[in-house]
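Overview (structure and organization)
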Amino acid sequence: MTDDPARPASPDGEAAPSGPPPLGPVPSAFAFEHKIFKIEGVWFAKTPDRAEVAMFLPMSGFVACLPLKAVRKGFDIVPGSEDDRMLGYVSRAADHLGRIVPGDPIPTEVISGEASWTISDLDRLKSRSLLLDILHVELGQPAPGARSDEAIRDALQGIAHLVVEKIGDGVPAGEAIRRFEMIAAEYAYVEALRHRFHLIEDIRVAVLDPKQQRRAPRMRDAADRIVMLLKEPTRIIVDSLGFLKSRLRPMIGSVRDPVPAVDAIRRTRDELHIMLTDWEPMFSLWAPGPEDGHAGNKQADGTYRFLAERYLGRRVWRRAGEHMP
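Described in the following lines is the structure provided in the data block. Bear in mind that the values here come from a model prediction, so they are computed numbers and not experimental data. (Residues numbered from 1 in each chain as written. Predicted model: local features only at pLDDT ≥ 70, side-chain atom pairs only at ≥ 80, totals over all residues. Heavy atoms only, no water.)

Here's the deal with helix α6 (residues 173-208)
Look at α6: 52 Å from first C-alpha to last across 36 residues, which is about the 52 Å you get at 1.5 Å a residue. Where α6 bends most, the angle comes to about 30°, and this point is H195. (Helix = DSSP H or I, 4+ residues; strand = E, 2+ residues; numbered from the N terminus. Expected span 1.5 Å × (residues − 1). Bend = angle between axes of the 7 residues up to and from the residue.)

This is the structure:
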């Protein structure tokens, strides 16, 4: 693993499992054979401190938390067996899903590297337009700011000969355009995540609203601390997106060899998606909007606790390729 001080920071610096997937046929769902995994109510998730992945097993009056290492040892899971392979997929998927129940489908990020969420035509359009503008500037051309599929297609055709000259190696214009479109199609999944990250800013605005602070006294007391802690996740998002753009430049180089560009996009895409998965409880807490009285106080307490557990006094620089929580 290569040190990269320019890589933005994550709250805990923890890397998700990055080794190859378990050997054998690729399954479509988390299907286990041992009867322990078939007990009703069993699930897998990261431990509360996010240090490792564990199995959570309901028992009389409480829930047992068993790290996967203890599961393998305690229930005689044979190395290389189907259950052992499945636990390997659990390890790789825990960040993406947050909570895994036996029988759930395995996310495509773990199986094929493709994103598991949908994107809109607008996300595709924004991605192509952004990368096209970057490409034009690198070629010494004014950025067209194309905002329609037809305009983007025409602009690409217009600079294809310049791109081919820069790339060399006899790459035909049609192939250069195909490579550009492949990179833009991957980047569209990053664009799709931006909408969700705006919800973090919505929370900050609600916390600072004087009306909300009057309606929920604890919000008034916690507002400054919450806003201070919100700076760190915002910084992580901005730095990650900025880092990704720097990895795509020069765009000519990315078109010459799109594989590293696609890898960088997928890595950052997954980091941001994992972060969003962790934030879902907060988005749910604020889904009704700012609330009054007890409910508003609950929003204040829950938001501060969530942020303090993840961002208070923690600033760990990532290594290249490591994941956000």
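Thoughts on the sheet that holds strand β5 (residues 99-100)
Sheet strands pair by backbone hydrogen bonding; their relative direction is either parallel or antiparallel. Pairing is antiparallel across the open sheet formed by four strands, whose spatial order is β4-β3-β2-β5. Bordering the open sheet on either side are β4 (62-67) and β5, each of which pairs with just one other strand. The pairing of strand β2 (residues 43-46) with β5 spans two bridges and is antiparallel. Counterpart to F44 in the pairing with β5 is I100. (Pairing = 2+ DSSP bridges.)

As for the packing of aromatic side chains
Summed over the entire model, instances satisfying the criterion amount to seven aromatic pairs. Between the aromatic rings of F37 and F44, the centroid separation amounts to 6.1 Å while the plane-to-plane angle is 40°, which identifies the pairing as tilted. A single burial state applies to F37 and to F44, both of which are buried. Taken together, the aromatic side chains of F32, F37 and F44 make up a single cluster linked through ring pairs. Sitting above the plane of the W43 ring, R99 keeps its charged end 4.1 Å from the centroid. (Phe/Tyr/Trp six-rings, centres within 6.5 Å; stacked < 30°, edge-to-face > 60°. Buried < 20%, exposed > 50% of the residue type's maximum accessible area, 1.4 Å probe, protein only. Lys NZ or Arg CZ within 6 Å of the ring centre and 35° of its normal.)

A short note on helix α2 (residues 82-97)
In this model α2 runs 21 Å from its N-terminal to its C-terminal C-alpha over 16 residues, within 8% of the 22 Å that 1.5 Å per residue would give. Taken as a whole, α2 carries its principal kink of about 35° at S91. Of all 16 residues making up α2, 13 are buried, and the element is well covered by its neighbours. The positive-phi residue at the C-terminal boundary of α2 is G98, with phi of around 80°.

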